[in-house]
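Listed below, chain by chain, are the residues.
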Amino acid sequence: MTINRVMVIGAGQMGAGIAQVFAQAGLEVKLNDMSKDSLEQGVSGIEQRLSRAVGKGKLREEARTDILNRLSSTTDLKEASDCDLVVEAVIENMDVKVNVFQQLDEITPPHAILATNTSSLPITEIAAATKRPSQVIGMHFMNPVPVMKLVEIIRAIQTSDQTYEAIEDMTVKLNKTPVEVEDFPGFVSNRILMPMINEAIYTVHEGVASVEDIDAVMKLGMNHPMGPLTLADFIGLDTCLSIMEVLHEGFGDSKYRPCPLLRKYVKAGWLGKKSGRGFYIYD
Ligand code: CAA
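Residues numbered from 1 in each chain as written. Predicted model: local features only at pLDDT ≥ 70, side-chain atom pairs only at ≥ 80, totals over all residues. Heavy atoms only, no water.

A. Highlighting the domain arrangement of the chain. Here the domain parsing of the chain yields domain 1 (5-182) and domain 2 (191-275). Centre-to-centre separation of domain 1 and domain 2, based on C-alpha positions: 27 Å. Every contact between the two is made by 7 residues of domain 1 and, on the other side, 5 residues of domain 2. The three residues of domain 1 that bury the most area against domain 2 are S119, S120 and N143, which together make up 60% of that side's buried surface. Where domain 1 meets domain 2, there are 0 salt bridges. On inspection of domain 1 and its partner domain 2, the count reaches 0 residue pairs in polar contact (both at pLDDT 80 or more). For the side of domain 1 that touches domain 2, the class distribution of residues is 2 nonpolar, 4 polar and 1 charged. (Domains from an automatic or database assignment. Contact = heavy atoms within 4.5 Å. Buried area = accessible area lost by both parts, 1.4 Å probe. Salt bridge = Lys/Arg side-chain N within 4 Å of Asp/Glu carboxyl O. Polar contact = N/O pair within 3.5 Å; in protein donor to acceptor, adjacent residues only side chain to side chain. Nonpolar A, V, L, I, M, F, W, Y, C, P; charged D, E, K, R; others polar.)

Following this line, the structure appears as structure tokens:
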């Protein structure tokens, strides 16, 4: 199947990054969000990133213009009516996602594939809420999307081979590396990453070492590009907590219990970089 026109739903950090990589790969992309402000912020972030690339000599000015010409923004979900692929990147809430997928099921052409960028919610449940479960799939990008090479492609139990292959080919076209994963809580990425971050938070909670020193151990000792607490702030502590809760509930195993300090920070509104305070304080 040929994918020419794409809609990305949600103009936050992930959605805007996803829209950027599709436009860079030569596709027509519509970025959708309910909020005009979020759309403006998302598009302005893309413009700034592309300008930086031009400034560094990594992108020609004409290429920047072409990429931006392929990108449009809309608050109207009905504009998905001529799209071959929709990638949803709204908040990590099953009711919200199911609502978006049920609307898309009515709006999009029958051949369209509906993908979700969920970081841990069951794709099988989202697929079951539509009348085209074989055309629903997980397409999990990593943050920052324009930089990170991986896309985890998650097959719901209902996903057809044809849908999988179309998304695998698309991922290669985006200059990313696809990895095929079955639909289990946290998939592969967050099943491994989040317990490590949660353990780093327990290490702070128990006073084993300071925030800076815990990050230094993992950066200098394990060659991680960011320490786990910096990374948690970067991802968002609310997102980290919700993923730990999905793992805890999905496996029913106490080894995935979220650290009480993580819960406390989220209750305080200390959500990391985006709120100005998490394990570190940001300007
Ligand atoms: N958006 C876009 N581009 C960015 C960026 C951002 N937020 N931050 C950095 N970059 C780009 C820079 O422009 C630079 O590009 P060029 O090489 O073309 O000049 C490049 O990334 C390197 O940037 P820096 O030299 O400024 O900084 P760095 O070397 O420290 O790299 C980093 C930054 C790539 C973010 C690196 O620190 C890193 O890899 N961190 C770990 C990221 C990670 O683990 N991501 C996965 C999170 S988990 C997830 O996403 C899944 C989930 O479900 C929660």
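B. Quick peek at the packing of aromatic side chains. Scanning the model with the defined rule gives 3 aromatic pairs in all. Between the aromatic rings of Y265 and W270, the centroid separation amounts to 5.0 Å while the plane-to-plane angle is 75°, which identifies the pairing as edge-to-face. Put simply, the rings of Y265, W270 and F279 touch in pairs and so form one group of aromatic residues. (Phe/Tyr/Trp six-rings, centres within 6.5 Å; stacked < 30°, edge-to-face > 60°.)

C. Local environment of the nonpolar core. Within the largest apolar cluster, 39 residues are counted, with the highest numbers of intra-cluster contacts made by F22, L85, M139 and F141. Residue contributions to this core peak at 7 residues, all from helix α1 (residues 13-24). For L85, the contacting residues outside a window of four places in its chain are I3, R5, V6, M7, F22, I113, A115, I167 and M170. (Core = buried A, V, L, I, M, F, W, Y, C linked by side-chain atoms within 4.5 Å. Buried < 20%, exposed > 50% of the residue type's maximum accessible area, 1.4 Å probe, protein only. Helix = DSSP H or I, 4+ residues; strand = E, 2+ residues; numbered from the N terminus.)

D. Fine view of helix α4 (residues 94-107). When the terminal C-alpha atoms of α4 are compared, their 20 Å separation across 14 residues agrees well with the 20 Å that a helix rising 1.5 Å per residue should span. Taken together, the buried positions of α4 are M94, K97, V98, V100, F101, L104, D105 and I107. Tucked inside the fold, the buried residues of α4 contact β1 (5-9), β4 (85-88), β5 (113-116), α5 (123-128) and β6 (136-141). Sitting at the amino-terminal end of α4 is N93, which places a side-chain oxygen 2.9 Å from the backbone nitrogen of D95. (Expected span 1.5 Å × (residues − 1).)

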